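Each chain, written out:
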Amino acid sequence: MAQKEDILKRIIGHAKEYGFVFPSSEIYDGLSATYDYGPYGIELKQNIRRYWWEAMVRMHDHIVGLESAIFMHPTVWKASGHVDAFNDPLIDNKDSKKRYRADVLLEEHIEKIRGKQQKEIQKAAKRFGEAFDEATYRTTNDRVIGYQEQIDDIKNKMAGYLAAGDFTALRQLIVDLEIACPISGSRNWTEVRQFNLMFSTELGSVSGEAATIYLRPETAQGSYVNFLNVQKSSRQKIPFGIAQTGKAFRNEIIARQFIFRMREFEQMELQFFVRPGTEMEWFEYWKAFRMRWHRALDLPEESYRFHDHIKLAHYANAATDIEFDFPMGFKELEGIHSRTDFDLKAHEAHSGKKLQYFDPELNESYTPYVVETAIGLDRMFLAILSAAYTEETLADGSERVVLNIPRWLAPIQIAILPLVKKDGLPEMAKSLFNTLKLDFSCQYDEKDAIGKRYRRQDAIGTPYCITIDHDSLEDGQVTLRERDGMTQQRMAIEELPAFLHDKLHLSALLSRLLD
Ligand code: GAP
């Protein structure tokens, strides 16, 4: 665990040094859980967003886009349930005065037990060597089984108390498990209280209850309230979807782990409207498609897993998370929910306006059901960055840090490097740069020895470097150096555009999504 946390620290350091992510307002000592994206970070972020958008909107005939406002009528959040139920259970330690999410304290306690369980398994794996069968060991070893029972018991109790809103029992669970404050070490806890996660502000110069508006905590509601506007204006028939990307705001109490959990973040959400009764089919379709979207990027297969929800939110009849193996362990990256007609019905009830669809095939009107896919852009950024970050010792004993960013999404895709700064090489390199930059994100660099320039490009994840040397002037060929294997090949300049297009263009990535 310590080692993994160390990796996260190194990734954060690398992201800052190489212009991916900076702490916000750093010269004022920063603002907790708020980050700024630097020159390479913004390129990567835009490329991820574009991949999502093209895969969802362009690749699906029946999905259209929307950009709804961050501010919405306050009743939207009453109807959606966010005013009454978008809460975190908080608990304070009376000695350190530190505030915690009660469920996070319990989850961290579970992780500690899981760590002990894992140690038992590792010890046994060492003892038994090749003959070790982890699955059998988990179901037969008394200690491992005991740890699992403790984990399941805490999880079940916690889920039950949270669902029932029984905060006295939740606090008692923390006390019974003898969970101590990491700062003061004491078990002197306050009661558990509910804390709403929405940021509020006031509209114009009027103050008071009526003028309180919220910064949206999700983009989804903008798509629901525009359901008929979009359906009619784009002449969609059910099933069809509305895609949105945009900022969302949540006053997270435990906002940490770098850009994993922030107070201001970006979502990429699809609301897919379907005929009631067909939602499970579509839920399965979107589960499969979203996983295909992830897998197309060639990040390690074992980094992804589905986590089906057993306890469902009141509005859902099926839900799963796509979890990713972040440096902090497996955590939610994306949620896929079958939300029934809960949201549209709630908006009908609160607005008094019908949000129904007339189905010409059935010759009847109904409130559509919704299947939603919701992924955090910043979380996807962190997934890519953490899978990409690699420290290597090369054959000659030297070290390199390379970002193996999926090549289609790399902030700089091609670096163009004249071997020396004279003899007409810069002119030839700049001419190639000016041609290739029309189609790809390119960087021209003539400073320092070539090896140093390669390392710089490795550190920002540039998949290809093109070096122009004296032979290039004679034979019109260049050296193409590939990032991951550091292999080099000579290639004629006129062959470059087609080769690079096949390797780097977004269309090459999108074509992997076709059946
Ligand atoms: N409309 C559904 C919805 O908002 P969610 O699971 O609360 O569902 C969707 O959020 C995704 O947004 C999450 O899977 C996660 O990737 C991202 N997300 C949620 N809270 C976040 C936060 N505080 N910081 C960064 N990303 C967050």
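Residues numbered from 1 in each chain as written. Predicted model: local features only at pLDDT ≥ 70, side-chain atom pairs only at ≥ 80, totals over all residues. Heavy atoms only, no water.

K.L.:
Tell me about the pairing of strand β4 (residues 87–92), and please be specific about residues and values.
P.N.:
In terms of residue burial, β4 counts as a mostly covered element, since five of its six residues are buried. Sheet topology note: the β4/strand β6 (residues 193–196) ladder contains four bridges and is antiparallel. Each bridged residue has a counterpart across the sheet, and for Asn87 the counterpart in β6 is Asn196. Two elements, β4 and strand β5 (residues 99–101), share three bridges in a ladder whose sense is antiparallel. Looking across to β5, one finds that Asp92 is bridged to Arg99. Linking two consecutive strands that pair antiparallel, namely β4 and β5, is a turn of six residues; a positive phi of about 65 degrees is found at Lys97 within it. (Buried < 20%, exposed > 50% of the residue type's maximum accessible area, 1.4 Å probe, protein only. Helix = DSSP H or I, 4+ residues; strand = E, 2+ residues; numbered from the N terminus. Pairing = 2+ DSSP bridges.)

K.L.:
Can you explain the domain arrangement of the protein chain? Please cite residues and give values.
P.N.:
Examined at the domain level, the protein chain breaks down into domain 1 (1–71 + 211–402), domain 2 (87–196) and domain 3 (412–513). Relative to domain 2, the C-alpha centre of domain 1 lies at a distance of 28 Å. In this assembly, seven residues from domain 1 lie in contact with ten residues from domain 2. Between domain 1 and domain 2, the buried area comes to about 640 Å², and carbon and sulfur atoms account for 64% of it. Interface area lost by domain 1 to domain 2 is led by Ile253, Ile254 and Lys311, which between them contribute 64%. At the boundary of domain 1 and domain 2, one finds one salt bridge. Close ionic contact of Glu252 with Arg101 constitutes a salt bridge, the shortest N to O distance being 3.9 Å. Between domain 1 and domain 2 we count zero residue pairs in polar contact (both at pLDDT 80 or more) in total. (Domains from an automatic or database assignment. Contact = heavy atoms within 4.5 Å. Buried area = accessible area lost by both parts, 1.4 Å probe. Salt bridge = Lys/Arg side-chain N within 4 Å of Asp/Glu carboxyl O. Polar contact = N/O pair within 3.5 Å; in protein donor to acceptor, adjacent residues only side chain to side chain.)

K.L.:
If you had to explain helix α14 (residues 425–436) to someone new, which residues and values would you point to?
P.N.:
Residues lying three or four places apart along an α-helix face the same way, a consequence of the helix completing one turn every 3.6 residues. Taking 1.5 Å as the rise per residue, α14 with twelve residues should run 16 Å; its terminal C-alpha atoms sit 17 Å apart, in good agreement. Residues Leu425, Pro426, Met428, Ala429, Leu432, Phe433 and Leu436 constitute the buried set of α14. The buried residues of α14 occupy one face: seen down the axis, they fall within an arc of 160 degrees. Of the surrounding secondary structure, the elements contacted by the buried residues of α14 are β19 (414–418), β20 (442–444), β21 (464–468), α16 (470–475) and α17 (496–504). (Expected span 1.5 Å × (residues − 1). Arc of directions from axis to C-beta.)

K.L.:
Give a detailed account of the side chain of Glu334, specifying residues and quantitative values.
P.N.:
If you trace the backbone, Glu334 turns up in strand β13 (residues 329–338). Excluding anything up to four places from it in sequence, Glu334 contacts Arg290, His294, Thr320, Asp321, Ile322, Thr373, Ala374 and Ile375.

K.L.:
Account for the site of the ligand, with residues named and values stated.
P.N.:
What surrounds the ligand is a group of 20 residues, the closest being Glu218, Met262, Glu269, Glu332 and Glu372. Gln267 is positioned such that a nitrogen or oxygen atom in its side chain is 3.0 Å from an oxygen atom of the ligand. At a separation of 2.5 Å, a nitrogen atom of the ligand approaches a polar side-chain atom of Glu269. For the shell around the ligand, the secondary structure elements donating two or more residues are β10 (264–274), β13 and β16 (369–376). When its residues are assigned to classes, the shell around the ligand shows seven nonpolar, three polar and ten charged. (Near = heavy atom within 4 Å. Nonpolar A, V, L, I, M, F, W, Y, C, P; charged D, E, K, R; others polar.)

K.L.:
Kindly report on unusual backbone geometry, identifying the contributing residues and their values.
P.N.:
At the junction of Ile238 and Pro239, the peptide bond is cis and its omega measures out at 10 degrees in the coordinates. Counting through the fold element by element, Pro239 comes out in the loop between α10 (227–233) and β9 (240–249). Positive phi, normally seen in glycine, also occurs at Asp448, with a value near 75 degrees. Checked against the element boundaries, Asp448 lands in the loop between β20 and α15 (450–460). On the basis of relative accessibility, which here comes to 28%, the residue Asp448 falls in the partly exposed class. Phi at Met486 is positive, roughly 55 degrees, even though this residue is not glycine. Structurally, the position occupied by Met486 is in the loop between β22 (477–482) and β23 (488–492).

K.L.:
Give a description of the nonpolar core that names residues and reports values.
P.N.:
The biggest cluster of nonpolar side chains holds 66 residues, and the ones touching the most others in it are Phe20, Ile48 and Tyr51. Two domains each provide a minimum of three residues to this core, namely domain 1 (1–71 + 211–402) and domain 3 (412–513). Excluding anything up to four places from it in sequence, Ile48 contacts Met268, Trp293, Leu377, Met380, Phe381, Ile384 and Leu409. The next biggest cluster of nonpolar side chains, apart from the first, holds 20 residues, and it includes Ala429, Phe440, Tyr444 and Leu504. (Core = buried A, V, L, I, M, F, W, Y, C linked by side-chain atoms within 4.5 Å.)

K.L.:
Before we move on, could you go through the sheet that holds β6 and cite the residues and values that matter?
P.N.:
What the three strands build is an open sheet, ordered β5-β4-β6; its pairing is antiparallel. Of all the strands in the sheet, the pair left with one neighbour each is β5 and β6. When the angles between neighbouring strand axes are averaged without regard to direction, this sheet yields 45 degrees. (Axes fitted to C-alpha atoms, helices over the stretch in contact; angles between N-to-C directions.)

K.L.:
Summarise the packing of helix α5 (residues 102–128) against helix α7 (residues 142–164); cite the residues concerned and give the values.
P.N.:
For the pair α5 and α7, interaxial distance at closest approach is 9 Å and the crossing angle is 165 degrees. On the basis of their axis angle, the class for α5 and α7 is roughly antiparallel. Crossing geometry of α5 relative to α7 is assigned as left-handed. Residues Asp103, Leu106, Glu107, His109, Ile110, Ile113, Arg114, Lys116, Gln117, Glu120 and Ile121 of α5 lie in contact with α7, whose contacting residues are Arg143, Val144, Tyr147, Gln148, Gln150, Ile151, Ile154, Lys155, Met158 and Leu162. (Parallel < 35°, antiparallel > 145°, perpendicular 65-115°, else oblique. Left-handed = near helix turned anticlockwise from the far one by under 90°.)

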